[in-house]
Amino acid sequence: MAGMSAPEPDSDDRGGRPVGRRIVLGVLALGAAGVALGARVQDATDGALAAVAANDPTGLTGLLPGGGGFRFYSVADAIPHRFPGDYRLTVDGLVERPATYTMDQLAGMPRTRLVRDVQCVTGWRVPQTAFTGVLLSDLLAAAGVRPGATALRFTCFDGVYTESLTLEQALRPDMLVADRMRDEAITDAHGGPVRLYAAPMYFYKSAKWLSGITVTDHVTPGYWEERGYDIDGWVGSSNGRGDDPT
Ligand SMILES: Nc1nc2c(c(=O)[nH]1)N[C@H]1C(S)=C(S)[C@@H](COP(=O)(O)O)O[C@H]1N2
Ligand SMILES: [Mo]
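Residues numbered from 1 in each chain as written. Chains lettered and ligands numbered in written order. Predicted model: local features only at pLDDT ≥ 70, side-chain atom pairs only at ≥ 80, totals over all residues. Heavy atoms only, no water.

In the annotation of an unreviewed UniProt entry, the entry for the protein chain reads Oxidoreductase molybdopterin-binding domain-containing protein, and the organism field reads Actinoplanes palleronii.

**Some details on the overall build of the protein chain**
Summing up its helical and strand segments, the protein chain has five helices and ten strands in all. Scored against the burial criterion, the 246 residues of the protein chain give a buried share of 48%. Considering only contacts in the protein chain between residues 6 or more positions apart, those separated by 24 or more positions represent 66%. (Helix = DSSP H or I, 4+ residues; strand = E, 2+ residues; numbered from the N terminus. Buried < 20%, exposed > 50% of the residue type's maximum accessible area, 1.4 Å probe, protein only. Contact = heavy atoms within 4.5 Å.)

**Regarding the site of ligand 1**
The immediate surroundings of ligand 1 are formed by 23 residues, with Val75, Asp158, His190, Arg195 and Lys208 found nearest. The backbone of Val75 places a nitrogen or oxygen atom 2.9 Å from an oxygen atom of ligand 1. Here an oxygen atom of ligand 1 and a side-chain polar atom of Lys208 are 2.4 Å apart. With the chains in place, 100% of the 530 Å² that ligand 1 exposes on its own is no longer accessible. Residue composition of the shell around ligand 1, grouped by class: 15 nonpolar, three polar and five charged. (Near = heavy atom within 4 Å. Polar contact = N/O pair within 3.5 Å; in protein donor to acceptor, adjacent residues only side chain to side chain. Areas by Shrake-Rupley, 256 points an atom, 1.4 Å probe, with all protein chains shown as cover. Nonpolar A, V, L, I, M, F, W, Y, C, P; charged D, E, K, R; others polar.)

**Quick notes on unusual backbone geometry**
Of the consecutive residues Gly192 and Pro193, the connecting peptide bond is found in the cis state with omega at 10 degrees. Among the secondary structure elements, Pro193 is positioned in the loop between strand E8 (184-185) and strand E9 (195-198). Non-glycine residue Arg182 carries a positive phi angle of around 55 degrees. Position of Arg182 relative to the elements: it lies in the loop between strand E7 (175-181) and E8. According to the relative accessible area criterion, Arg182 is partly exposed, its value standing at 37%. Here the phi dihedral of Trp209 falls at roughly 55 degrees; this positive angle occurs in a residue that is not glycine.

**Here we look at the sheet that holds strand E6 (residues 162-166)**
With mixed pairing, five strands are arranged side by side in an open sheet as E2-E1-E10-E5-E6. A single partner strand is all that each edge strand has here, and the edge strands are strand E2 (99-101) and E6. Between one strand axis and the next, the sheet turns through 20 degrees on average, direction left out of account. Sheet topology places strand E5 (residues 151-156) next to strand E10 (residues 210-216); six bridges connect them, and they run antiparallel. When the sheet's bridge partners are listed, Phe154 is paired in E10 with Ile213. (Pairing = 2+ DSSP bridges. Axes fitted to C-alpha atoms, helices over the stretch in contact; angles between N-to-C directions.)

**With respect to the nonpolar core**
Core analysis: the largest hydrophobic core is formed by 59 residues, its most contacted members being Leu136 and Ile213. For this core, the element with the most residues is E7, which contributes five residues. The residues touching Leu136, leaving out its near neighbours within four places in the chain, are Leu152, Phe154, Leu165, Ala170, Met175, Leu176, Val177, Leu196 and Ile213. (Core = buried A, V, L, I, M, F, W, Y, C linked by side-chain atoms within 4.5 Å.)

**Focus: the environment of Met201**
Mapping Met201 onto the fold places it in the loop between E9 and E10. Met201 has contacts with Gln119, Leu165, Gln169, Met175, Gly233, Trp234 and Val235, leaving out every residue within four places of it along the chain.

**Some remarks on the pattern of salt bridges**
One pass over the full model with this rule turns up seven salt bridges. Asp117 serves as the salt-bridge partner of Arg125, at 2.9 Å between the closest nitrogen and oxygen. For Arg125, a relative accessible area of 29% puts it in the partly exposed group. For Asp117, a relative accessible area of 12% gives the class buried. Residues Lys205 and Glu163 are paired through a salt bridge, measuring 2.9 Å at the closest nitrogen-oxygen approach. Within this pair, whereas Lys205 is found in the loop between E9 and E10, its partner Glu163 is found in strand E6, the two being separated by 42 residues in sequence. Of the two residues, Lys205 and Glu163, neither departs from the other in class, the shared state being buried. Within this structure, Glu163, Lys205 and Glu225 form a network of salt bridges that share partners. (Salt bridge = Lys/Arg side-chain N within 4 Å of Asp/Glu carboxyl O.)

**What to know about the packing of aromatic side chains**
One pass over the structure, following the stated rule, counts ten aromatic pairs. The interplanar angle of 50 degrees and the centroid separation of 6.2 Å between the aromatic rings of Phe70 and Phe203 together place this pair among those described as tilted. Taken together, the residues Phe70 in the loop between helix H2 (46-54) and strand E1 (89-93) and Phe203 in the loop between E9 and E10 connect sequence positions 133 residues apart. In this structure, Phe70 and Phe203 share a single accessibility class: buried. Counting every residue linked through ring pairs, the aromatic cluster contains Phe70, Trp124, Phe131, Tyr197 and Phe203. Seen from the ring of Tyr223, Arg227 lies directly overhead, with NZ or CZ sitting 3.7 Å from the centre. (Phe/Tyr/Trp six-rings, centres within 6.5 Å; stacked < 30°, edge-to-face > 60°. Lys NZ or Arg CZ within 6 Å of the ring centre and 35° of its normal.)

Laid out in structure tokens, this is it:
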């Protein structure tokens, strides 16, 4: 990782997840009698997690680290929430037709479902995870990319996180603006109602709580890229890792 000392995108010892941790512990205390709570809650067995989830009217077990193999992560202090009816995605910058999309409008566009391994740059992997949504290339075609455009900048309604892609990367058929994950609405914790899903790249590229796409004439490094991670986050050939890009 280029020898840098930045905090890792998923380290548990940063200050950025107190709310998530408190909720997780609360949920476990509520329903998981018999689960030995070690320092790492993700060590809880799948069976125990399933038992908790079955008795969880709040749905908050979706936040459990290790639930389905995912680790919840956010650099913001809290999990932002947006009701689907209030959600808007703006597309602007170097385009002929700037636009604002509602969830219904996104749902009405051509849909793509991708099933790939989710791979975090810190090593955890979730095999064969389905994401469904609208191809970035379709949104760009609708907007009409103007000459001189070379990159995209993504902003999030957590107010903190940003991401980037080159225009060439964004036009690939495996770059999605996703509104479904594992064939369900994306939960708040996983970046719902809409997140980016950059399938061929490490998961830090997949900005959660996506609110804006701005087409630009230069790449603006994203949140973790400012902190030392590769801008071109290809699984297997970036960040000094050799993961199998399945
Ligand atoms: N807005 C936002 N998007 C984000 C992050 C974040 O902190 N904030 N973390 C990234 C990282 S490092 C990973 S591994 C994934 C985690 O997604 P998950 O919480 O759905 O597992 O989201 C990525 N997108
Ligand atoms: Mo990550």
